[in-house]
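What the coordinates show
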Amino acid sequence: MTDHKSRAPDATTRPMRPALSTLTDELGLLYGGDYNPEQWDRETWLEDARLMQAAGVNLVTVGVFSWALLEPRPGERSFGWLDEVLDLLHAHGIAVDLATPTASPPPWMGHLYPETLPVDRDGVRLTYGSRNQFSPSSEVYRGFARDITRDLVDRYVEHPAVRMWHVGNELGQVCHSDATALAFRTWLDERYGSLDGLNEAWGTTFWSQRYSRWDEVVPPRRAPYLINPTQELDFRRFTSDALRAVYREQCDIIRELDPRRPVTTNFMGFFPLVDYWSWAQDLDVVSDDAYPDPGDPTSLASAALTQDLMRSLGGGAPWLLMEQAVSAVNWRDHNVPKTPARMRLESLQAVAHGADGICFFQWRASRAGAERFHSAMLPHAGADTDVHRGVVGLGADLARLRPVVGGRSRATVAITFDWSSWWAAEGEAGPTRRLRVVDEVRRWHRALWERGVAVDLVRPGDALGEYDLVLAPNLYLLDEPDAANLRAFVAGGGTLVLGPFSDVATRDAHVRPGRFPVQLADLVGASGEEWLPLDDDGLDVVSDLWAGPDGVLPGIAHVDSYVERLRLDGADGTDGTEGTQAADGADGSGTTAEAAEAVVVASSSAPAGLSGAPVVVRRRSGAGRAWYVGALLPDAALDAVLAEVLRESGTLSALGTPAARLGVEAVRRGDLLFLLNHTGSPVSVPVGSTPLTDLLTSAVHSGSAVVPPVDVLVLTERPS
């Protein structure tokens, strides 16, 4: 096993800037939410400040949707009400994350300058009366946004309440306008250098699509049939970069005027319109908005994955849960509320996974507007409610958890995730729509989450030397340097598990010729020739990794949607099925390699000549090992495969024991052990003979700890 260190921001690429610690060193874990005082009178402000203080709130986000009040007419400023609010909050010891109000332009902007409004794929210009009604490529919008940002920061840069800056809100706007077309052409010219370069990358000899002038190039718009897939992919990359440019313009103004306070904006988990890897270094603090569905039994596992992503985007540094619901949201078809216990559990789960701040949308429930039925820390029924008592209780819990602040997690397992690959894998006209990349990442992660295994998210080209095991549920697009990085990881003794429909295409979404996974077939010792979406009958697969209903091996599992036609190859890359020893260096590692072994095969009743064909293979390569999963396995079968991978790689749980199902979520952060019980029954967990103190209750546990239903223990060897 290698000597592992915490993932930290790379000092050579991540500039030294203010961090969340500029707040938490003084305030401890941050607690609060969005505050929209512009919706209320001054008497209500006074009540709010008093109740916030009583609830343990120490941070609120102010001004997100205040542009129409701050700039009632073009160029006019009205800051007086905001002066009063900031003074009041500071007097009550509440810090402010002050937002640029640029997420929701005033109606006058869309009315006077309709070119600021976004245009959809059908050429329809959207109107005002909602929010987010701007085109990222509109220079008029961006000019107004820069101006209000500069004036806001200039006015409040010395205000003692302001402790952090917040740019916009949930940036994710898409526009297909003519102004966007101009910006898209500039982006493409910078990417490819010439029209010839673009034509080559887009493969425009297909369907007579070759461009002869730059002004012929437009964003993807409604067309008679399918759009060029590389054009679609590049437009998604461009849109992410255009939104990042909007963020950067405002962020640069803030940093020019105030180099002391951190700057953030709120991410949205696995958001499909923005590549957060490309944004991460622009944020001093990674923040996230998360709304797990309490009606979905897998939502807390998915929430843990998103939290691991946020921690990883920041290089392992503490992050901020910027928004969540206290109870119900208002935008699902059927808005099941959380109980206060569930709200507390979700919040402490985020802390376990690296959050140093827990915030909500919003402080006081809105009486008017589209979100009047969205829950809040202070509901319509007031403070004498179970919801608000839960809010007060959580504030007290977070105060007890001050020792958590700044703690980091250490993972020996990583999962690869790449936004461009996700976008391309789910593009039009592929083999199947049933392979959903994020769903697969969630399923693979869940097997580790249930066993208390810490996980980082990485890109395939990231440094992997600190990990023993890398899982790649899907890498449809795989650059040559990234493939070489994965090979080097295995050659260095790591275990790689590659999922279906991987290493299929180049970064331009051109299919790689040859047997797949084209660049890694010799590494995994098997190769494929055909992607096979299955008919309604599906097929059965057989393995010794799971038992049948009578407990006898091998067991059978049913694959209902997708499999690949694979064959085992010899250790030298030739067709072969014998597990013979290869010549030295046959895999390019300079060490002995073996032929692959099929650990899951198609049953004898499989259709289309697949009987006995390999479905999951593994191969030893020098000190490392590579697996290939060539099907969308059902949950139980995938879990069994990954359990074997964990056993084989010697992966340990947060308890320091071999990874196995624990009945609770177990997470280690720094020297603290979090045990979270997501079930309705108490669960006893072995914790060793050293006495451990629960920071939340001061109870001491030794030998085992019983975690009550929907509850959390935070255990430490330190005395309380």
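Residues numbered from 1 in each chain as written. Predicted model: local features only at pLDDT ≥ 70, side-chain atom pairs only at ≥ 80, totals over all residues. Heavy atoms only, no water.

Some details on the overall build of the protein
Per the secondary structure count, the protein includes 18 helices and 25 strands. Its C-alpha atoms give the protein a radius of gyration of 27 Å, near enough to 27 Å, the size a compact globule of 720 residues would have. With the C-alpha coordinates aligned to their principal axes, the bounding extent of the protein is approximately 80 × 75 × 50 Å. Counting only residues that meet the buried cut, the protein has 58% of its 720 residues in that class. Restricting to contacts in the protein with at least 6 residues of sequence separation, those with at least 24 account for 72%. A total accessible area of about 27,900 Å² is found for the protein, and carbon and sulfur atoms account for 51% of it. (Helix = DSSP H or I, 4+ residues; strand = E, 2+ residues; numbered from the N terminus. Rg over C-alpha atoms; globule rule 2.2 N^0.38 Å. Buried < 20%, exposed > 50% of the residue type's maximum accessible area, 1.4 Å probe, protein only. Contact = heavy atoms within 4.5 Å. Areas by Shrake-Rupley, 256 points an atom, 1.4 Å probe, with all protein chains shown as cover.)

Structural notes on the nonpolar core
Ranked by internal contacts, the top residues of the largest apolar core, which has 147 residues, are Leu98, Ile358, Phe417, Leu633 and Phe674. If we ignore the near neighbours within four places in the chain, the residues touching Ile358 are Leu30, Tyr31, Gly32, Leu320, Leu321, Gln324, Ser347, Ala350, Val351, Leu394 and Leu398. The next biggest cluster of nonpolar side chains, apart from the first, holds 25 residues, and it includes Leu478, Val490, Phe516 and Val524. (Core = buried A, V, L, I, M, F, W, Y, C linked by side-chain atoms within 4.5 Å.)

Details of the confidence of the model for the protein
Overall, the prediction assigns the protein a mean pLDDT of 94, with 94% of residues at 70 or greater. This stretch, residues 1-12, has a pLDDT under 50; its non-local contacts, to residues over four places away or in other chains, come to 32 contacts. Segment residues 577-586: pLDDT under 50, and 19 contacts once partners within four positions in sequence are set aside and those in other chains are kept. (pLDDT = per-residue confidence, 0-100.)

Looking at the sheet that holds strand 23 (residues 683-694)
Sheet architecture is open: five strands sit in the order 21-22-25-23-24, paired in antiparallel fashion. Among the strands making up the open sheet, the edge pair consists of strand 21 (665-669) and strand 24 (700-707). Each strand of the sheet is rotated relative to its neighbour by a mean of 25°, with strand direction disregarded. Bridging between strand 23 and strand 25 (residues 711-716) involves two bridges; their strand directions are antiparallel. When the sheet's bridge partners are listed, Thr693 is paired in strand 25 with Thr716. (Pairing = 2+ DSSP bridges. Axes fitted to C-alpha atoms, helices over the stretch in contact; angles between N-to-C directions.)

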